[in-house]
Amino acid sequence: MDKTILSPSISREPNDRLADRISFLGLEGAFQVLAKAKQLEKQGKEIIHLEIGEPDFKTPNNITKAAIQSLNSGETYYTPSSGFPELKEQIAYYISHTRNAEVSSQEVFVTPGAKMMIFFAIMALVEKGEEVILSDPAYPTYHSLIQLVEGTPVFLTLDENKNFTFDIKELERKITHKTRMLILNSPQNPTGSVLSSEDLERIAFLSKKYDFWVLSDEIYSRIVYDTPYTSYYSIHPPKNRTILIDGFSKTYAMTGWRLGYGIMPNALIEAVTKLANNTHACTCTFVQKAGIEALAGPQEEVEKMTAEFKKRRDCIVQGLNEIPGFHCQNPGGAFYVFPNIQKTGMTSGKLADFLLEKAGVACLSGKAFGAGGEGFLRFSYANSIEKIQKALAQIKNVL
Ligand SMILES: Cc1ncc(COP(=O)(O)O)c(C=O)c1O
């Protein structure tokens, strides 16, 4: 009898085991708290949502119209994996102008959301055991993906007193022969911090000196308030070691459309093409057409959204600083604030739960962004001034 054929009567290990790598992935805290808040809403409780990092504005009409027009004209087929040539041209033009750099469409890769581009870059570059330096706290996806490829995360502490930036000398001390990549995110999620051009220049110098890659996640590049934006790309870093990531979710209120992109050297484009080709194949055709309109069309809506975010930032920073036990820095960009809550005597997790249940305000524990986030909460102010003021009053009340 052939021994490789198992009789159904012979028992063996249950087959519902998952691959170990799944346990390396976390979940974004925002989505977990959102689910909990929705549950409370179902029970009739009114919740003010300051947890999710999603603009509360409508996608501008001209963009939606472009997608409808594309659908109506039958553009419902695959595109090249790297994206429609017209969109790549438009992105290259946009990046060349906003980053004061020369970018060709050959260096552009379009993905369904910036997150996919982060995934592909880490998949293509980081080997098991190689080190990736990132800030703590940071956008949690970075950590999950580094773990997925069995890389080693190396954390840089963000200094609250320096508006949540890190010390470049500390960065240099953390570079080893295993350092493969540094992840930058400016303006940053969750603190809203913005890196100065001096720091960016010093980082570019280190990237050249020690030959490591820099992934610069610039998804909040259009949401800056007090000083003009300086991109890592605009200080002319070594192009052969730089990946710039940006997208449409935050700038054009297009989170659900799933459209992002990366700018990278040719060798990496080839690797990412293989990854894309074997996974999502290409980014949705009519969404790409909407992306062309977003970049080429009028930009007034973007300016209006950013001006409104600035008003909200001023309102929430002032309001949080009036709450006993809270101390809040004034962030330079994105739509998040990251107040220190240590003087309330509660842990971040306990306080976030308490505010959700007692004040009806959904926010995130700073710890959802790494151990360095303990002692802080993250509020997203992608909600109206009225709602923000109401949330502040309710928090004050229960505390
Ligand atoms: C820092 C950062 N990078 C990337 C993303 C993902 O953006 P996208 O919606 O384009 O995937 C987010 C979303 O919250 C983010 O905060």
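Since the structure is predicted, the reported quantities are computational estimates derived from the model, not experimental observations. (Residues numbered from 1 in each chain as written. Predicted model: local features only at pLDDT ≥ 70, side-chain atom pairs only at ≥ 80, totals over all residues. Heavy atoms only, no water.)

(A) Region of the structure containing the packing of helix α2 (residues 61-72) against helix α9 (residues 285-296). It is the contact of α2 with α9, at a shortest axis distance of 8 Å, that shows an interaxial angle of 140 degrees. When the axis of α2 is compared with that of α9, the two are oblique. Two packed elements cross with a definite hand, and for α2 against α9 that hand is right-handed. In this structure, α2 uses Asn62, Ile63, Ala66, Ala67, Ser70 and Leu71 to contact α9, whose residues at the interface are Phe286, Lys289, Ala290, Glu293 and Ala294. Per-class residue counts for the contact of α2 with α9 are 7 nonpolar, 2 polar and 2 charged. (Axes fitted to C-alpha atoms, helices over the stretch in contact; angles between N-to-C directions. Helix = DSSP H or I, 4+ residues; strand = E, 2+ residues; numbered from the N terminus. Parallel < 35°, antiparallel > 145°, perpendicular 65-115°, else oblique. Left-handed = near helix turned anticlockwise from the far one by under 90°. Contact = heavy atoms within 4.5 Å. Nonpolar A, V, L, I, M, F, W, Y, C, P; charged D, E, K, R; others polar.)

(B) Representation of the side chain of Ser82 in the model. Residue position: Ser82 is located in the loop between α2 and α3 (85-98). Under the relative-accessibility criterion, Ser82 is labelled buried at 12%. A polar atom in the side chain of Ser82 sits 2.8 Å from the side chain of Lys88. Ignoring sequence-local partners within four residues, the contact set of Ser82 consists of Lys88, Val108, Phe109 and Val110. (Buried < 20%, exposed > 50% of the residue type's maximum accessible area, 1.4 Å probe, protein only. Polar contact = N/O pair within 3.5 Å; in protein donor to acceptor, adjacent residues only side chain to side chain.)

(C) View of the domain arrangement of the protein chain. Partitioning the protein chain into domains gives domain 1 (20-58 + 300-398) and domain 2 (61-296). Centre-to-centre, using C-alpha coordinates, domain 1 lies 25 Å away from domain 2. Each partner contributes to the interface: domain 1 provides 37 residues, whereas domain 2 provides 35 residues. Counting each side, the surface lost to burial between domain 1 and domain 2 is near 3,100 Å², with a carbon and sulfur contribution of 57%. Three residues, Phe24, Gln329 and Phe369, lead the burial of domain 1 against domain 2; their summed loss comes to 19% of the area buried on that side. Summed over the shared surface of domain 1 and domain 2, the number is 1 salt bridge. Between Asp226 and Arg313 there is a salt bridge; the shortest N-O distance is 2.8 Å. Taken together, domain 1 and domain 2 are joined by 19 residue pairs in polar contact (both at pLDDT 80 or more). Those elements that place two or more of their residues in the side of domain 1 that touches domain 2 are α10 (300-321) and β9 (336-337). Among the elements that make up the side of domain 1 that touches domain 2, the one with the highest residue count is α10 (6 residues). (Domains from an automatic or database assignment. Buried area = accessible area lost by both parts, 1.4 Å probe. Salt bridge = Lys/Arg side-chain N within 4 Å of Asp/Glu carboxyl O.)

(D) Quick look at the packing of aromatic side chains. If you walk through the whole model with that rule in mind, you get 13 aromatic pairs. Centre to centre, the rings of Tyr220 and Phe335 are 5.5 Å apart; their planes meet at 90 degrees, and the pair counts as edge-to-face. A residue pair is termed long-range when its members are at least 10 positions apart, and Tyr220 in the loop between β6 (213-217) and β7 (242-247) and Phe335 in the loop between α10 and β9 qualify at 115 residues. Here the two residues Tyr220 and Phe335 agree in accessibility, since each one is buried. By the ring-pair criterion, three or more aromatic residues cluster together here, those being Phe57, Tyr220, Phe309, Phe335, Tyr336 and Tyr381. Sitting over the face of the ring of Phe84, Lys289 holds its NZ or CZ atom 4.6 Å from the ring centroid. (Phe/Tyr/Trp six-rings, centres within 6.5 Å; stacked < 30°, edge-to-face > 60°. Lys NZ or Arg CZ within 6 Å of the ring centre and 35° of its normal.)

(E) Spatial organisation of the site of the ligand. Neighbouring the ligand are 14 residues, the closest being Asp217, Tyr220, Ser249, Lys250 and Arg258. A distance of 2.7 Å separates an oxygen atom of the ligand from a polar atom in the side chain of Lys250. For the ligand, whose free accessible area comes to 400 Å², the fraction covered by protein is 94%. Comparing atom positions with the cavity grids shows the ligand to sit within the largest pocket. The greatest single-element share of the shell around the ligand, amounting to 3 residues, is contributed by helix α4 (residues 114-125). Counted by class, the shell around the ligand contains 6 nonpolar, 4 polar and 4 charged residues. (Near = heavy atom within 4 Å. Areas by Shrake-Rupley, 256 points an atom, 1.4 Å probe, with all protein chains shown as cover. 1 Å grid on protein atoms, 1.4 Å probe; cavity = no way out; pocket = protein on both sides within 12 Å on 5 of 7 lines; lining within 4 Å. Sits in = over half its atoms within 2 Å of the grid points.)

(F) Fine view of the layout of surface pockets. Taken as a whole, the largest pocket spans an internal volume of roughly 490 Å³. Along the wall of the largest pocket there are 29 residues; nearest its centre are Glu28, Phe31, Gly53, Tyr139 and Lys250. Mapped onto the lining of the largest pocket, the elements with two or more residues apiece are α1 (29-42), α4 and α5 (140-148). Sorting elements by how many residues they give to the lining of the largest pocket places α1 first, with 4 residues. Its residues placed into classes, the lining of the largest pocket shows 15 nonpolar, 7 polar and 7 charged. (Points joined across faces, edges and corners; volume = space filled by probe spheres on them.)

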